[in-house]
Every structure is written in C-alpha cells, then in structure tokens.
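# Working through the structure, step by step
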Amino acid sequence: MLPRVGEAIRTARIRRRKTAADIAGRLGVSLPTLRKLETGDPGVSLGTFLTALWLLDLSPALMAALDPAKDEIGLTLEMARLPKRVRPAADVKLDQL
C-alpha cells in the first residue's frame, strides 16, 4: 500500500511541476528521504506522508477513503450483530411512544 501512496505523491508532484528539492524543503526532509517517501519506504514517518499529501492537496481524497460510511466490512459486521427481533420493554406503554 505504501508504494501506491508514494507513487501517487510522486505523480502529483510532477503534475504540479514541483521539483523534488522544492517539496523536500517544504516538508523539512532531505532529498533521500523524499525519494524514500516516493518509493513507499515504511521507514519514512507517517507524519511526513500525511504532510506530503496535504502539501499536494491530496488529503481530501485520503479523508474520503477513510470515511466510516465506506467501511464495507465494518458495516457488514454491524448489520450481522443487529437483533433479529425487537421487543418493547415491559414497562413501556405503547401510547407513550
């Protein structure tokens, strides 16, 4: 997964006509670290990855991907845990609903 993120960062940087030195300077990292980031090296901090996404205006896409409403596995598990039937509590009167 990190190689795909790194490649997306690299592609966005090139499309925006930003040099590696410019982005590395704005990130506060060295050129070798930027190269590692763009290849998806897991040794690069998560903060550096996220800052690069923010600098290149890719963070909205990341936030959309992390939307809990798009968590299909979680939604499926939640639906499986729902009760089959719902019974009213013994002390609740139907006219109070």
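Data block above holds the structure.
My aim in this report is to walk through the structure given alongside it, one point at a time. (Residues numbered from 1 in each chain as written. Predicted model: local features only at pLDDT ≥ 70, side-chain atom pairs only at ≥ 80, totals over all residues. Heavy atoms only, no water.)

### Observations concerning the overall build of the protein
Regarding its fold elements, the protein presents 6 helices and 0 strands. Taken from N to C terminus, the helices and strands of the protein fall in the order α-α-α-α-α-α. In summary, the protein has a C-alpha radius of gyration of 23 Å against a globular reference of 13 Å for 97 residues, an excess of more than 25%. Along the first, second and third principal axes, the C-alpha atoms of the protein reach 70 × 25 × 20 Å. Counting the 97 residues in the protein, one finds 19% classified as buried. Across the protein, every contact between residues at least 6 apart in sequence was considered, and the portion connecting residues at least 24 apart equals 54%. A total of about 7,700 Å² of accessible surface is found on the protein, and carbon and sulfur atoms cover 60% of it. On the protein, the mean spot of the 16 positive side-chain charges and the mean spot of the 11 negative ones are 6 Å from each other. (Helix = DSSP H or I, 4+ residues; strand = E, 2+ residues; numbered from the N terminus. Rg over C-alpha atoms; globule rule 2.2 N^0.38 Å. Buried < 20%, exposed > 50% of the residue type's maximum accessible area, 1.4 Å probe, protein only. Contact = heavy atoms within 4.5 Å. Areas by Shrake-Rupley, 256 points an atom, 1.4 Å probe, with all protein chains shown as cover. Lys, Arg positive; Asp, Glu negative; His and termini not counted. Charge placed at Lys NZ, Arg CZ, Asp CG, Glu CD.)

### A closer look at the packing of helix α1 (residues 2-15) against helix α3 (residues 31-39)
Running from N to C, α1 and α3 cross one another at 120 degrees; their axes reach a closest spacing of 5 Å. Contact with α1, carried on its side by Pro3, Gly6, Glu7, Ile9, Arg10 and Arg13, involves Leu37, Glu38 and Thr39 of α3 and no other residues of that element. In terms of residue class, the contact of α1 with α3 is made up of 3 nonpolar, 2 polar and 4 charged. (Axes fitted to C-alpha atoms, helices over the stretch in contact; angles between N-to-C directions. Nonpolar A, V, L, I, M, F, W, Y, C, P; charged D, E, K, R; others polar.)

### Here we look at α1
Counted at 1.5 Å a residue, the expected span for α1 with its 14 residues is 20 Å, and the 20 Å between its end C-alpha atoms agrees. Among all positions in α1, only Gly6, Ile9, Ala12 and Arg13 are buried. For α1, the arc enclosing every buried residue in end-on projection is 125 degrees, short of the 170-degree limit, so these residues lie on one face. Exposed residues pointing more than 90 degrees away from the buried face of α1 are listed as Arg4 and Arg15. Tucked into the core, α1 has its buried residues touching α2 (20-27), α3 and α4 (46-55). A positive backbone phi angle near 60 degrees is found at Arg17, which sits one or two residues after α1. (Expected span 1.5 Å × (residues − 1). Arc of directions from axis to C-beta.)

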